[in-house]
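Architecture and fold: a report
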There are 2 protein chains.
Amino acid sequence: MNLLAQVRPCVVAMDGYAPGEQPRDGQPIIKLNTNENPFGPPQPVIEALHAAINDALRLYPEPSSREVRQAAAAAFGLDADQVVVGNGSDDLLTLLMRTFIAVGDGVAAPDPSYTLYPVLTQLQEGLFHAVPWQNQLDLPIEGLLASGAKLILIARPNAPTGHAVPLEQVAQLCAATTAIVVLDEAYVDFADDNGLPLMARYENLVITRSFSKSLSLAGLRIGLGFLPTVLAQQMHKVRDSYNLDRLAQVAAVAVLRHLDLFQPTIQAIRTERRYLTSGLRQRGFQVPESQANFVLATVPAGRRGGRDWCNDLKNLNILVRYFGHDPRLSDKLRITIATHADGLRLLEAIDLLMENN
Amino acid sequence: MNLLAQVRPCVVAMDGYAPGEQPRDGQPIIKLNTNENPFGPPQPVIEALHAAINDALRLYPEPSSREVRQAAAAAFGLDADQVVVGNGSDDLLTLLMRTFIAVGDGVAAPDPSYTLYPVLTQLQEGLFHAVPWQNQLDLPIEGLLASGAKLILIARPNAPTGHAVPLEQVAQLCAATTAIVVLDEAYVDFADDNGLPLMARYENLVITRSFSKSLSLAGLRIGLGFLPTVLAQQMHKVRDSYNLDRLAQVAAVAVLRHLDLFQPTIQAIRTERRYLTSGLRQRGFQVPESQANFVLATVPAGRRGGRDWCNDLKNLNILVRYFGHDPRLSDKLRITIATHADGLRLLEAIDLLMENN
């Protein structure tokens, strides 16, 4: 039997999203490839999780993550009905696609950006429009509008470049279209500003947040979506009824009630970002300013290309991210900002490799 | 701005799935409405969870739930590549739909059955064929084949009826079609047999399992899909990269390594099923034999209809499930089998209501 004949042709034809390598726990590896926080979750989160491990795990969780929505509303000055909770912000991106994109509908994003966007569009059999950043850094407003897309995705700060487009450009885009504009703020806690104040001005603006970066809980899969109530109601129909488990809900509430505890680590990462940017530049890497918890470093001209650097560092037990499939990124490494000690080890490893040619 | 104009028409038009009521934790309620296990998870699962609450929560989980797949393969005599892990078996049902069903493709299921099936089909803009059970209990093989569906979903034991079609009928269907046949075994641990032995004979057979019923972890959202490797590879492309969080993966492994610890509670529930079936029959309810951890009871003829019974019991702090939207089910209650004490309280409440007419 030709089983593949039963699979949707668009699924058979696609490659699927390739997540960064996740080594087994306990390996002696410096992990700078998937932008996790080098610091673990603070004590109130740990304590809340321990307290929630009991017989109640036999019961379904609250379907809509009500307490998480209420805590998020309180933390961010929204109404709980404007919040949808996802099993990671990837779940929210999937839900947005399945809520808005029918076969043939357009999805647009500045390019390069998060490589999951075109994959999710393919799964909806939508049309993905990759619109190059204007002057490498500005929002390509004209191009995004001209695409006719129903859904426009802007990662701010952007991955893998790390830059954040001026908020005023996002506002201009929202004002100029009836398309839904999604501001993917997975990395925004490391930036100088965020798009939340724009929500009151533009009802076609949707914001997504992640607990996987600044909030130290990549392992628990929690994301937040902020959007008008009328759209949230539609997304709830598409969502799996119990998409967030009990422990993730408990952890999310604890995080949202203790956001202040994350500020020291966020500041430490911003400080370390300056240090690592400077250290890489001193070694001949080109490193543009980043507003995220990673930098996109162009390797020095020479015999060793981007892929070689990635492999050579891996041999020294340091994982960085390489996007070799994209020619514009083939001489670049995306490097997560971690602790000062790990940054030092990375720079030492680079020195070692340079000495050995 | 008419925001709904941007939403897919099929989403705007649909009602969405309505999960059973989930009261706040700590309410003095006897919860017999969503088929959870009355017994909490055993100690090794609790201990594994406590041990996993640490700094590693800052890191992404293993994307494919590798250790869960390996433990499931060992427990069920499969290859780890034949296992896909879902954020609950609802996630797996969603993934199956998104893997196989394009716009206009057919999905068929015996009717009545799990009401999520038509909802998920609508989200794919597929065509749902509800084929009535033959003689109320047998698989309607001819009708399912005649539908031309690409995906055929059979809940076995079925919800809400509780009956399990003979496995030989499932085998006949698999042999007679190239469609993908999904055997939804969420309740199978309470039945006399399961479909796993059929997997070696029919490569178009997919089996899904849930940790939410017999395995006491509805709160953690874990499901397993068993299917040919070639199809599992396609489903992984559709799956969110990190769909199962670290704690759910840890709990799932602990459960799969200690399946024997669940046998006493499963046996207790089967014993209680006999007791409650008998008690309800003595009070004038019609209760067919069930192979699941619930019964579908037809209320006694009289002034009090199904909806009244459901509401009156709720006023006595007992939740049961009522499917009033379906005229065939309007005189029926689906009642979860719980502890002997809770079964007694239900029967006492019924006696009280009958005395008060």
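Up top you'll find the structure we're talking about.
Residues numbered from 1 in each chain as written. Chains lettered and ligands numbered in written order. Predicted model: local features only at pLDDT ≥ 70, side-chain atom pairs only at ≥ 80, totals over all residues. Heavy atoms only, no water.

**What about the overall build of chain A?**
Put simply, the rule reads: Helix numbers and strand numbers start at the N terminus; a helix is a DSSP run of H or I with at least 4 residues, a strand a run of E with at least 2. In this setup the radius of gyration rests on C-alpha atoms only. A globule is expected at 2.2 Å times the number of residues raised to 0.38. Surface accessibility follows the Shrake-Rupley procedure with a 1.4 Å probe radius. Residue values consider only the protein chains on display as shielding.
Of regular secondary structure, chain A possesses 12 helices and 11 strands. The C-alpha atoms of chain A give a radius of gyration of 21 Å, which matches the 21 Å a tight globule of 357 residues would have. Counting only C-alpha atoms, chain A reaches 60 × 55 × 50 Å along its principal axes. Surface accessibility of chain A: about 12,900 Å² in total, with carbon and sulfur atoms responsible for 50%.

**A word on the packing of helix H10 (residues 263-282) of chain A against helix H12 (residues 340-355) of chain A**
Residue and element names in this part refer to chain A. Note the following rule: Helix axes are fitted only over the stretch in contact, all axes being lines through C-alpha atoms; the angle between N-to-C directions runs from 0 to 180 degrees. Any angle that falls under 35 degrees is termed roughly parallel, while one over 145 is termed roughly antiparallel, one within 65 to 115 roughly perpendicular, and all others oblique. Contact criterion: two residues are considered in contact whenever any of their non-hydrogen atoms come within 4.5 Å of each other. In this count, Pro and Cys sit with the nonpolar residues alongside Ala, Val, Leu, Ile, Met, Phe, Trp and Tyr, while Asp, Glu, Lys and Arg are called charged and the others, Gly among them, polar.
At their nearest, the axes of H10 and H12 sit 10 Å apart, and the two run at 5 degrees to each other. By the angle between their directions, the pair H10 and H12 is classed as roughly parallel. Residues Glu272, Tyr275, Leu276, Gly279 and Leu280 of H10 form the contact with H12, whose participating residues are His340, Gly343, Leu344, Leu346, Leu347 and Ile350. Split by residue class, the contact of H10 with H12 holds 7 nonpolar, 3 polar and 1 charged.

**Overview of the relation of the copies chain A and chain B**
Heads up, the rule is: Residues below a pLDDT of 70 in either copy are left out; the C-alpha atoms of the rest, at least 70 in both, set the least-squares superposition of the copies.
For the pair chain A and chain B, the best superposition has an RMSD of 0.0 Å and corresponds to a rotation of 180 degrees with a translation of 0.0 Å parallel to the axis. In symmetry terms, the pair is related by a two-fold rotation axis. Every residue of chain A has its C-alpha some distance from the rotation axis, and the shortest such distance is that of A:His50, at 3.1 Å. The fraction of interface residues of chain A whose copies in chain B are also interface residues reaches 100%, indicating that both copies meet through the same surface.

**Observations regarding the environment of B:Leu144**
One can find B:Leu144 in helix H6 (residues 141-146). Each C-alpha atom of the pair B:Leu144 and B:Val107 lies 9.3 Å from the other, and the pair is 37 residues apart in sequence.

**Digging into the sheet that holds strand S7 (residues 205-210) of chain B**
Sheet strands line up and pair through hydrogen bonds in the backbone, either parallel or antiparallel. All names here are of chain B. Under the convention used in this document: Here the rule is simple: two strands pair whenever DSSP picks up at least two bridges between them.
Here 7 strands make up an open sheet; going across it, the order is S2-S8-S7-S6-S5-S3-S4 and the pairing mixed. Across the chains shown, the open sheet's two edge strands, defined by having one partner strand only, are strand S2 (83-86) and strand S4 (127-132). Across the sheet, the mean angle from the axis of one strand to that of its neighbour is 20 degrees, orientation sign disregarded. Direction of pairing for strand S5 (residues 151-155) relative to strand S6 (residues 180-184): parallel, over a ladder of 5 bridges. Directly across from isoleucine 154, in S6, lies its bridge partner leucine 183. Sitting on the sheet, helix H5 (residues 116-123) touches strand S3 (106-111), S4, S5 and S6, and the angle it makes with S4 is about 160 degrees.

**A closer look at the interface of chain A and chain B**
The condition is simple: Joining two parts hides part of their accessible area as seen by a 1.4 Å probe, and the buried area is that hidden amount summed over both. By definition, a salt bridge exists where a carboxyl oxygen of Asp or Glu is found within 4 Å of a side-chain nitrogen of Lys or Arg. What qualifies as a polar contact is a pair of N or O atoms within 3.5 Å, subject to a donor-acceptor requirement within protein and to the restriction that residues adjacent in sequence count only when both atoms come from side chains.
Opposite the 83 residues of chain A that make contact, chain B presents 83 residues. Summed over both sides, the interface between chain A and chain B buries roughly 7,300 Å², with carbon and sulfur atoms accounting for 56% of that surface. The largest per-residue losses of area from chain A upon contact with chain B belong to A:Gln6, A:Arg58 and A:Tyr60, which jointly make up 11% of the total buried on that side. Where chain A packs against chain B, one counts 2 salt bridges. For B:Arg246, the salt bridge is made with A:Asp25, and the minimal N-O distance between the two is 2.7 Å. Inspection of the region where chain A meets chain B yields 45 residue pairs in polar contact (both at pLDDT 80 or more). Those elements that place two or more of their residues in the side of chain A that touches chain B are helix H1 (9-13), helix H2 (43-51), helix H3 (66-76), helix H4 (89-100), helix H8 (229-238) and helix H9 (246-257) of chain A. Ranked by the residues each element gives to the side of chain A that touches chain B, the list is headed by H4(A), at 6 residues.

**A word on a nonpolar patch on the surface**
Stated precisely, the cut-off is as follows: Put simply, a patch holds well-exposed residues, over 30% relative accessible area, that have no salt bridge, with like charges counted together within 9 Å and Val, Leu, Ile, Met, Phe, Trp or Tyr side chains within 5 Å. We call a residue buried when its accessible area falls under 20% of the maximum for its residue type, exposed when it is over 50%, and partly exposed in between, using a 1.4 Å probe and counting protein chains only.
Side chains of A:Val230, B:Leu4 and B:Val12 sit close together on the surface and give an oily, nonpolar patch of about 170 Å² of accessible area. Mapped onto the fold, B:Leu4 is located in the segment before helix H1 (9-13). Relative accessible area serves as the criterion here: at 31%, B:Leu4 is assigned to the partly exposed category.

**With respect to the packing of aromatic side chains**
Selection criterion: The rule is short: rings of Phe, Tyr and Trp, with Trp giving its six-membered ring, pair when the centres are within 6.5 Å, and they are stacked under 30 degrees, edge-to-face over 60, tilted in between. A ring has a charge above it when a Lys NZ or an Arg CZ is no more than 6 Å from the ring centre and no more than 35 degrees off the ring normal.
What the rule picks out here adds up to 12 aromatic pairs over all chains. Pairing A:Tyr17 with A:Tyr114 gives two aromatic rings, centres 5.9 Å apart and planes at 85 degrees, and the pair type is edge-to-face. Of this pair, A:Tyr17 sits in the loop between H1 and strand S1 (30-32) while A:Tyr114 sits in the loop between strand S3 (106-111) and helix H5 (116-123), and the two are 97 residues apart along the sequence. Ring centres of B:Tyr114 and B:Tyr117 lie 5.4 Å apart, and the angle between their planes is 75 degrees; on these two criteria the pair is classed as edge-to-face. Judged by its relative accessible area of 1%, B:Tyr117 falls in the buried class. Grouping aromatic residues by their ring pairs yields a cluster made of A:Tyr17, A:Tyr114 and A:Tyr117. The ring centre of B:Trp309 lies 4.8 Å from the NZ or CZ of B:Arg304, which sits over that ring.

**Things to note about the pattern of salt bridges**
Between side chains of opposite charge, pairing is possible as soon as their charged atoms come close. Residue and element names in this part refer to chain B. If you walk through the whole model with that rule in mind, you get 34 salt bridges over all chains. The residue arginine 69 makes a salt bridge to aspartate 81 at a minimum N-O spacing of 3.9 Å. Here arginine 69 is found in helix H3 (residues 66-76), whereas its partner aspartate 81 is found in the loop between H3 and S2, with 12 residues between them in sequence. What makes arginine 69 buried here is its relative accessible area of 9%.

**What to know about the pairing of S5(B)**
Residues and elements named next belong to chain B. For the record, the criterion: Classification remark: right-handed applies to a crossover when, strands pointing away from the viewer, the course from the first strand over the helix to the second runs clockwise.
Counting buried residues along S5, 5 of its 5 residues qualify, which places the element largely inside the surrounding structure. What you see with S5 is no split at all: Leu151, Leu153 and Ala155 on one side and Ile152 and Ile154 on the other are buried throughout. The pairing of S3 with S5 spans 2 bridges and is parallel. In the sheet register, alanine 108 faces S5, and the bridge partner there is isoleucine 152. Taken together, S5, helix H7 (residues 167-175) and S6 form a β-α-β motif whose crossover is right-handed.

**Quick look at the side chain of B:Thr34**
Looking at the element boundaries, B:Thr34 is found in the loop between strand S1 (30-32) and helix H2 (43-51). Of the polar contacts made by the side chain of B:Thr34, one reaches the side chain of B:Glu36; its length is 2.8 Å. Apart from residues no more than four positions distant in its own chain, B:Thr34 is found in contact with A:Tyr60, B:Gly20, B:Gln22, B:Lys213, B:Arg334 and B:Thr336.

**A closer look at the pairing of strand S11 (residues 332-336) of chain A**
Residue and element names in this part refer to chain A. Among the 5 residues that make up S11, 5 are buried, leaving the element largely enclosed by the rest of the structure. Burial along S11 is two-sided: Lys332, Arg334 and Thr336 and Leu333 and Ile335, pointing in opposite directions, are all buried. Bridging between strand S9 (residues 294-298) and S11 involves 5 bridges; their strand directions are antiparallel. Residue pairing across strands places leucine 296 opposite arginine 334, the latter belonging to S11.

**A word on the environment of B:Gly305**
When you line up the elements, B:Gly305 lands in the loop between strand S9 (294-298) and helix H11 (306-315). It is 8.5 Å that separates the C-alpha atoms of B:Gly305 and B:Lys332, two residues lying 27 residues apart in sequence.

**Quick word on H2(B)**
Counted only if it meets this: The directions considered for the arc are those from the helix axis to the C-beta atoms.
When H2(B) is considered as a whole, its buried residues turn out to be B:Val45, B:Ile46 and B:Leu49. The buried residues of H2(B) occupy an angular sector of 100 degrees when projected down its axis, which confines them to one face. Each element contacted by the buried residues of H2(B) is listed here: H9 of chain A together with helix H9 (246-257) of chain B.

**Thoughts on the packing of H2(B) against H9(B)**
Residues and elements named next belong to chain B. Formally: Take the far helix as your reference; a near helix turned counterclockwise from it by less than a right angle gives a left-handed crossing, and one turned clockwise gives a right-handed crossing.
At a closest axis distance of 9 Å, the pairing of H2 and H9 adopts a crossing angle of 150 degrees. Judged by the inter-axis angle, H2 sits roughly antiparallel to H9. Regarding H2 and H9, the two cross each other, and that crossing is right-handed. For the pair H2 and H9, the contacting residues are Pro44, Val45, Ala48 and Leu49 in the first and Leu247, Val250, Ala251, Ala254 and Val255 in the second. Of the residues belonging to the contact of H2 with H9, the class tally is 9 nonpolar, no polar and no charged.

Taken by themselves, the reported measurements are silent on function.
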